[in-house]
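Observations on chain architecture
Residue strings, one per chain:
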Amino acid sequence: MSAKNTSGACLNSNKSLPIDTACLSIRNYNDHIVTFFSRFVDCHYCSEQPVVNLPANSNTTIQVSTKYPLQFAYNDTVGGEQYFWCNKNYSFKEHGKYGWNLYPVTGNCSDIYPLYEPWNPYLPLLAAAMAYILALIILFTSRLIINTVKIYLRKPDESQSDFDRLQESESSPPMLSVSKTSMRIQSLDALRGIAVLLMIFVNNGGGEYVFLKHAAWNGLTVADLILPFFAWTMGFTVVNSVRVQLRVSISRTRLVIKQLRRTAFLILFGLLINSQQKSSLAELRFPGILQLLAISYFVCSMIETCFANAQRNFQFGRFVFLQDILERWAQWLVVLAIILIHTCITFLLPVPGCPRGYLGPGGYDHFSKYVNCTGGAAGYIDRTIFGKHIYMKLKNPIYGSTLPHDPEGLMNTISAIIIVFLGVQAGRIYVTYYQANSRIIRWVAWFVGTGLIAGILCDFSKDNGVIPVNKNMMSLSYVLCTSSFAFLLFAILYYLIDHKKYWTGAPFIYAGANSILLYIGHYVTMGLFPFAWDIPGTLTHKSVLAMNLWTTVLWAFIAYVLYKKEILISI
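Residues numbered from 1 in each chain as written. Predicted model: local features only at pLDDT ≥ 70, side-chain atom pairs only at ≥ 80, totals over all residues. Heavy atoms only, no water.

1. Observations concerning helix H11 (residues 376–386)
The criterion, for reference: Relative accessibility under 20% of the residue-type maximum defines a buried residue, over 50% an exposed one, and the middle range a partly exposed one, all with a 1.4 Å probe and only protein chains included. Working definition: helices are DSSP H or I runs of at least four residues, strands are E runs of at least two. Numbering for both runs from the N terminus.
Burial in H11 covers these residues: Gly376, Ala377, Ala378, Gly379, Ile381, Asp382 and Arg383. Following H11 by one or two positions, Gly387 has its phi on the positive side, about 65°.

Pasting the structure below:
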């Protein structure tokens, strides 16, 4: 429901409005009762839902949601027929107060007018960003001053003879230090660190900002990029790992056993996370993020292990610039087959009571015609195989009551295989070409190619096209779109960190080096002090944002300490 038939906080100055709500006072000048209806604009092909009856010649105040733009109207009877009048769209601002007048002349009403203009709810986010930027500037300046002083102090004594300086340099040759952290790809750790720290921030609330929540159905938000980035970096590491182990003569069978063991551990940890606050096995959710990552990793690592060669054997020729693809043509055939199977199941599998190829959320969608079709074939498969052991969210913020649908279900796991494999392709570019420019050009080319295909599939729009961008179902356009952003962001990070050395990648490299530890740790400690606490009174974006940023910074500091002590925990 997009508006609530409540007015307590709106009429009582001693009460605070909840997050993402505003007050709307509707003055009905008619001499009979009319009904106020509303719906979110993003709910396409949805009917307006009744909110409140407006008595004759009265002023009724209700709370309305400010998360998404609203469409509203009032229902009236004319000549025995029901009509909707004054259809309007409006984007209310949080904690604002607005008025709307309905006049006796049929279908005549005023525009929405503000009674009180609220402050901008994004100011805390802007203030936090400025504080972080200021802290980074101070830190960078301090390090620059300290390094300058060190260089000055190390300046050779002018009174010392050339022979003495030469003898000193020969007697103490520079030492080359090798450590666990120095052997890592810093830009990859930075990308993984961005993903895991953003995941911690979002999972703990993200300041309760809508754009830091997952999209209600179609579309893309900042939160929807996190899991694909993590999966993409996982694929990147597969290539070099398999290549190095084959070169030291580790058998493929032993490699598969190691990969299977890692997969089993990830699934186990995923189930442990799902078991938190569950009183019985009957409530345990089987799918999950770690389960999805585990299976998609195992499939891609198996493909790489089966088809990779310890030594490259590509014959150079006119297609030398495509050697990273042509050397692995068999792997591409396997992945293309996976994409074809997934697409056929999505659009051809018959689902009882639903049209073939339905990709919607059910609920109010299509005027409530497909209430029991949430997730189409993907949702039907998950509910059939897992029963109640899936994500049991039964309320969509836009589309109302829906059937349970798991965003990390079986079909979505198959989609994740494609994201991981595109990460494998990025890793293959890294080990195939040795010049930084050659690598960056190819990563940018993949960014353009995957982004263009995703745009064609979704018609470069939110809800149109053959396959809309949808995180809930991990649609093919979503997979390609998010992988496109991963290629671009990694190319930028590689240029800045590993190629030009303009930036060390801090503080993200610390979190990226211990990403699994931080992921599991933040779930285990979620809601516990000192990572979180109960906020007294009415929640606000400012109070929730402060706590969520503290949680993220605390985990970033833990990652920093572990990194400096070279404690790197992986599975």
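Resuming the write-up.
2. Concerning the layout of surface pockets
Threshold: The rule is simple: put a 1 Å grid over the protein atoms alone, call a set of points where a 1.4 Å probe fits but cannot get out a cavity, call an open set with protein on both sides within 12 Å along at least five of seven lines a pocket, and count a residue as lining if it has an atom within 4 Å of a point. Grid points are joined across faces, edges and corners, and a volume is the space filled by probe spheres set on the points. In this classification, Asp, Glu, Lys and Arg are treated as charged, Ala, Val, Leu, Ile, Met, Phe, Trp, Tyr, Cys and Pro as nonpolar, and every other residue, Gly included, as polar.
Looking at the second largest pocket, its volume works out to about 1,600 Å³. Residue lining of the second largest pocket: 39 residues in total, with Leu136, Trp503, Ala506, Pro507 and Phe508 positioned closest to the centre. Residue assignment for the lining of the second largest pocket shows that the elements contributing at least two residues are helix H2 (123–153), helix H4 (186–203), helix H14 (476–499), helix H15 (508–513) and helix H17 (541–564). Counting residues per element, the lining of the second largest pocket draws most heavily on H2, which supplies twelve residues. Residue classes in the lining of the second largest pocket are distributed as 31 nonpolar, four polar and four charged.

3. Let's talk about the pairing of strand S2 (residues 21–28)
Here is the rule: Any two strands with at least two DSSP bridges between them are considered paired.
Within S2, seven of the eight residues are buried, which leaves the element mostly enclosed by the surrounding structure. Here eight bridges tie S2 to strand S5 (residues 58–65), and the two strands are oriented antiparallel to one another. Note that in S5 the partner of Thr21 across the bridge is Ser65. Here six bridges tie S2 to strand S8 (residues 97–102), and the two strands are oriented parallel to one another. Paired with Leu24 across the strands is Tyr98, a residue of S8.

4. So, the packing of aromatic side chains
Keep this limit in mind: Aromatic pairing here means that ring centres of Phe, Tyr or Trp (its six-membered ring) are within 6.5 Å. Orientation follows from the plane angle: under 30 degrees is stacked, over 60 is edge-to-face, and everything else is tilted. Charges are assigned to positions over rings by a cutoff of 6 Å between ring centre and Lys NZ or Arg CZ, combined with an angular limit of 35 degrees from the ring normal.
The tally for this structure, following the rule as stated, stands at 31 aromatic pairs. Ring geometry for Tyr122 against Tyr209: centres 5.4 Å apart, planes inclined by 20°, an arrangement best described as stacked. Of the two residues, Tyr122 sits in the loop between strand S9 (113–116) and H2 while Tyr209 sits in the loop between H4 and helix H5 (226–247), which places them 87 residues apart along the sequence. The exposure class of Tyr122 is partly exposed, given its relative accessible area of 43%. Ring centres 5.9 Å apart and planes at 40° place the aromatic pair Tyr209 and Phe211 in the tilted group. By relative accessible area, which is 1% here, Tyr209 ends up buried. These aromatic residues form a ring-pair network of at least three members: Trp232, Phe236, Trp332, Phe421, Tyr430, Trp443, Trp446, Phe487, Phe490 and Tyr494. Just above the ring of Tyr297 sits the side chain of Arg262; from NZ or CZ to the centre is 4.7 Å. It is Arg439 that lies over the ring of Tyr430; its NZ or CZ is 4.1 Å from the centre.

5. So, unusual backbone geometry
With an omega of 5°, the peptide bond between Ala506 and Pro507 qualifies as cis. With an omega of 10°, the peptide bond running from Phe529 to Pro530 counts as cis. Relative to the helices and strands, Pro530 is located in the loop between helix H16 (515–524) and H17. Positive phi outside glycine occurs at Tyr45, with the angle close to 55°. Along the chain, Tyr45 falls in the loop between strand S3 (34–40) and strand S4 (49–54). Phi at Ser368 is positive, roughly 65°, even though this residue is not glycine. As for its position among the elements, Ser368 is in helix H10 (residues 365–368).

6. Comments concerning the state of the cysteines
As a reminder of what qualifies: In what follows, a disulfide is any cysteine sulfur pair within 2.5 Å.
Applying the stated criterion across every chain, the model contains four disulfides. A sulfur-sulfur distance of 1.9 Å marks the disulfide that ties Cys43 to Cys46. The chirality of the disulfide connecting Cys43 with Cys46 is left-handed, given an S-S dihedral of about -75°. Across the pair, exposure class does not vary: Cys43 and Cys46 are buried alike. At a sulfur-sulfur separation of 2.1 Å, the disulfide partner of Cys86 is Cys109. Because the torsion about its S-S bond is -125°, the bridge between Cys86 and Cys109 counts as left-handed. In this pair, Cys86 is assigned in strand S7 (residues 81–90) and Cys109 in the loop between S8 and S9, connecting sequence segments 23 residues apart. By relative accessible area, which is 13% here, Cys86 ends up buried. Numbered in order of appearance, the disulfide-bonded cysteines of the chain are paired 1-2, 3-4, 5-6, 7-8. Cys344 takes part in no disulfide bond, and the closest cysteine sulfur to it belongs to Cys354, at a distance of 19 Å.

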